[in-house]
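Descriptive structure summary
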Amino acid sequence: MVTLSINGQQVQGVDGSSILEVAREHGIEIPTLCYHEALEPYGGCRLCVVELKAPRGPRLVASCVYPAEEGAVVETDSEIVHRSRRMTAELLLGAAPNAKVIQALAARMGVEKPRVSLSDNNCILCGLCVRACREIVGANAISLVNRGFTKEVSPPFEIGSNACVGCTTCVFLCPTGAIKLEEVLANRSVHHWDSDFEAVACKICGDHYLAPELAVDVEKVLSEENA
Amino acid sequence: MSFQPTFDASEIEDLLNGKRGGEHPSLMSVLEEVQARYRYLPQDALILISESMGVPLSQTYGVATFYNAFSLKPKGRHVINVCTGTACMVRGAKKVLERISDRLGIQPGETTEDGQFTLETVNCLGACALGPVVVADGAYSGEVTGAKANALLSKVMAEAKTV
Ligand code: FES
Ligand code: FES
């Protein structure tokens, strides 16, 4: 166990946890965007910054990836933290001005109109879809491609990926609605990543869409495994 | 494109096999070799590399599109890089770039039809005091003026003729 101070309160966390995890366990709110409990922390959005006063402080760190250290002194609500988050929110709003979550976030941070306009598609490159596709689904159908201003989420070669199984996990995880469920259901393909396969019914529930190679006969597989 | 070596799957396989013999093969080094050999990363090569190295294609594609050193389109035999970083820009890089672009008849990022020249820009080479900087086939030139750019280009063009 490690003991640290967050906002003047002495708190304890399991070894190896991040500042964010310890804070949340103690009901201390820190805003996040690219963090998801089921995924490896990514440190991409910088919304979760906190002020680390000691050791080696004071400075801003991303709490979702920064380990909770013994004796650390952390402030989650200080002026410098708010300033940083406000800037992040403004940039995010510039990048995704039409996304509801981002609008709400910006409003909460006191940002009205972003001074920059970076793009108008809703993707904020948080990488949740890419990481879920890799870490949870295991399909690896999409990745972040290019660099800088042209960076985007895409399947290889920007054409439909036959690695996509149409599970729509990406749709549900996307915080800004950049990946649309209607599109997925309409053509059983994901986003503009039209991986086209003849969708078949799941052999268990008989309902959801599945890529043919996934529609295995579970009973058969199990009996073979048990044999 | 007559100067373009054609893609040969067995070559890539040889390359991968050679790599496997040694240390744990790194995707970057394989891609670097393919880029050097073909002056771009052919789509089929990326698929082949992904499959035989067990790296998801999406990841290979991500790496291939991230680094400036890799290209998905064939690059010319001779690559001319003009620094358009802030320091070079205020020292006249725009003129230099225009001069080269006009003479080659291509825009930055493009390759001449004969596959000989590619014109590129870079955002700072860390040699700002020497700006404007031009790198032609790996050779750096500083304080490049329009006239100097012309001379540089003539030299590269002459070399292109002799091969
Ligand atoms: S939640 Fe920590 S950087 Fe995004
Ligand atoms: S701006 Fe050209 S070298 Fe730095």
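Residue numbers restart at each chain and count upward from 1, following the sequence in its written direction. Each chain gets a letter, beginning with A, and each ligand a number, beginning with 1, in the order they are written. Where local features are concerned, this predicted model is filtered to residues with pLDDT of at least 70; where side-chain atom pairs are given and counted, the filter is 80 or more; whole-chain, interface and lining totals use all residues. To get the side-chain values, all heavy atoms of the structure are used, and hydrogens and water are removed first.

1. Examining the pairing of strand β4 (residues 59-62) of chain A
All names here are of chain A. Spelled out, the test is: Paired strands, as defined in this entry, are two strands with at least two bridges between them according to DSSP. The helix count covers DSSP runs of H or I at least four residues long, the strand count covers runs of E at least two residues long, and both are numbered beginning at the N terminus.
Across four bridges, the pairing between strand β3 (residues 49-54) and β4 is antiparallel. Along β4, the bridge assignment pairs Leu52 with Arg59. Counting the residues between successive antiparallel strands, the hairpin from β3 to β4 contains four residues, one of them, Arg56, with a positive phi of roughly 60 degrees.

2. Focus on the pattern of salt bridges
Residue and element names in this part refer to chain A. The criterion, for reference: The salt bridge criterion pairs a side-chain nitrogen of Lys or Arg with a carboxyl oxygen of Asp or Glu, the two atoms within 4 Å. The classification of residues rests on relative accessible area computed with a 1.4 Å probe and restricted to protein chains. Under 20% of the type maximum is buried, over 50% is exposed, and intermediate values are partly exposed.
Under the definition given, this model contains five salt bridges over all chains. The partner of Glu69 in a salt bridge is Arg56, with the nearest N and O atoms 3.1 Å apart. Remark: Arg56 occurs in the loop between β3 and β4 and Glu69 occurs in the loop between β4 and β5 (73-75); sequence separation between them is 13 residues. By relative accessible area, Glu69 is classed as partly exposed at 22%.

3. A word on the nonpolar core
Defined as follows: Side-chain atoms within 4.5 Å are what join buried Ala, Val, Leu, Ile, Met, Phe, Trp, Tyr and Cys residues into a set we call a nonpolar core. Note on contacts: a residue pair is in contact if any heavy atoms of the two residues lie within 4.5 Å.
In this structure, Ile12(B), Leu31(B), Val34(B) and Ile49(B) are the most contacted members of the largest nonpolar core, which totals 22 residues. At the level of elements, α1 (9-21), α2 (27-38), α3 (43-53) and α4 (57-66) of chain B are the ones that each hand at least two residues to this core. With sequence-adjacent residues up to four places away left out, Leu31(B) is seen in contact with Leu41(B), Leu46(B), Ile49(B), Thr60(B), Val63(B) and Phe70(B). Grouped together as the second largest cluster of nonpolar side chains are 21 residues, Leu4(A), Val11(A), Leu52(A) and Ala72(A) included.

4. Considering the domain arrangement of chain A
All names here are of chain A. Stated formally: Domain ranges listed in this record stem from an automatic or a database domain assignment. Values labelled buried area give the accessible surface lost by two parts on being combined, using a 1.4 Å probe and summing over both. What qualifies as a polar contact is a pair of N or O atoms within 3.5 Å, subject to a donor-acceptor requirement within protein and to the restriction that residues adjacent in sequence count only when both atoms come from side chains.
Looking at the assigned domains, one finds that chain A contains domain 1 (2-78) and domain 2 (128-226). Contacts between the two partners involve eight residues from domain 1 and, on the opposite side, eight residues from domain 2. Interface of domain 1 and domain 2: buried area, both sides summed, is about 700 Å²; carbon and sulfur atoms make up 64% of it. Between domain 1 and domain 2 we count zero salt bridges in total. Remark: the boundary between domain 1 and domain 2 carries three residue pairs in polar contact (both at pLDDT 80 or more).

5. A look at the sheet that holds strand β4 (residues 139-141) of chain B
Residues and elements named next belong to chain B. Stated precisely, the cut-off is as follows: Fitted lines through C-alpha atoms serve as axes, helices being fitted only where they are in contact, and the angles separating the N-to-C directions of these axes extend from 0 to 180 degrees.
Taken in spatial order, the four strands make up an open sheet running β2-β1-β3-β4, and their pairing is mixed. If you trace the sheet from one side to the other, it starts and ends with β2 (117-122) and β4, each paired once. Here the average twist between neighbouring strands, direction ignored, is 20 degrees. Here three bridges tie strand β3 (residues 134-136) to β4, and the two strands are oriented antiparallel to one another. Residue pairing for β4: Val134 is matched across the bridge by Ser141. Across the sheet, helix α6 (residues 93-104) touches β1 (78-83), β2 and β3, and the angle it forms with β1 is around 155 degrees.

6. What about empty space enclosed by the protein?
Residues and elements named next belong to chain B. Keep this limit in mind: Using only the protein atoms, space was sampled on a 1 Å grid; points where a 1.4 Å probe fits but cannot get out form cavities, open sets with protein on both sides within 12 Å along at least five of seven lines form pockets, and lining residues are those with an atom within 4 Å of a point. Grid points are joined across faces, edges and corners, and a volume is the space filled by probe spheres set on the points. In this count, Pro and Cys sit with the nonpolar residues alongside Ala, Val, Leu, Ile, Met, Phe, Trp and Tyr, while Asp, Glu, Lys and Arg are called charged and the others, Gly among them, polar.
Throughout the structure, instances matching the rule amount to two cavities of 30 Å³ or more. The computed volume of the second largest cavity comes to approximately 30 Å³. As for the second largest cavity, its lining consists of Ile80, Ile100, Val134, Ala136, Ala149, Leu152, Leu153 and Val156. Residue classes in the lining of the second largest cavity are distributed as eight nonpolar, no polar and no charged.

7. A closer look at the pairing of β2(B)
All names here are of chain B. The buried fraction of β2 is high, at five of six residues. The pairing of β1 with β2 spans six bridges and is parallel. Of the residues in β2, the one forming a bridge with Ile80 is Leu119.

8. Overview of the confidence of the model for chain A
Heads up, the condition is: Per-residue confidence from the predictor is reported as pLDDT, which spans 0 to 100.
Looking at chain A, the pLDDT average stands at 84 and 79% of residues meet or exceed 70. The model gives residues 186-194 of chain A a pLDDT under 50, and that stretch makes 29 contacts with residues more than four places away or in other chains.

9. Considerations on the sheet that holds β4(A)
Residues and elements named next belong to chain A. With respect to topology, five strands assemble into an open sheet ordered β2-β1-β5-β3-β4, the strand pairing being mixed. Lying at the two open borders of the sheet, with one neighbouring strand each, are β2 (9-13) and β4. On average, each strand axis in the sheet is inclined to that of its neighbour by 40 degrees, with strand direction left out of account. As paired strands, strand β1 (residues 2-6) and β2 are joined by five bridges and run antiparallel to one another. Bridge pairing in β2 links Val2 to Gly13. Where helix α2 (residues 79-95) meets the sheet, it contacts β3, β4 and β5, and its direction lies at approximately 150 degrees from that of β3.

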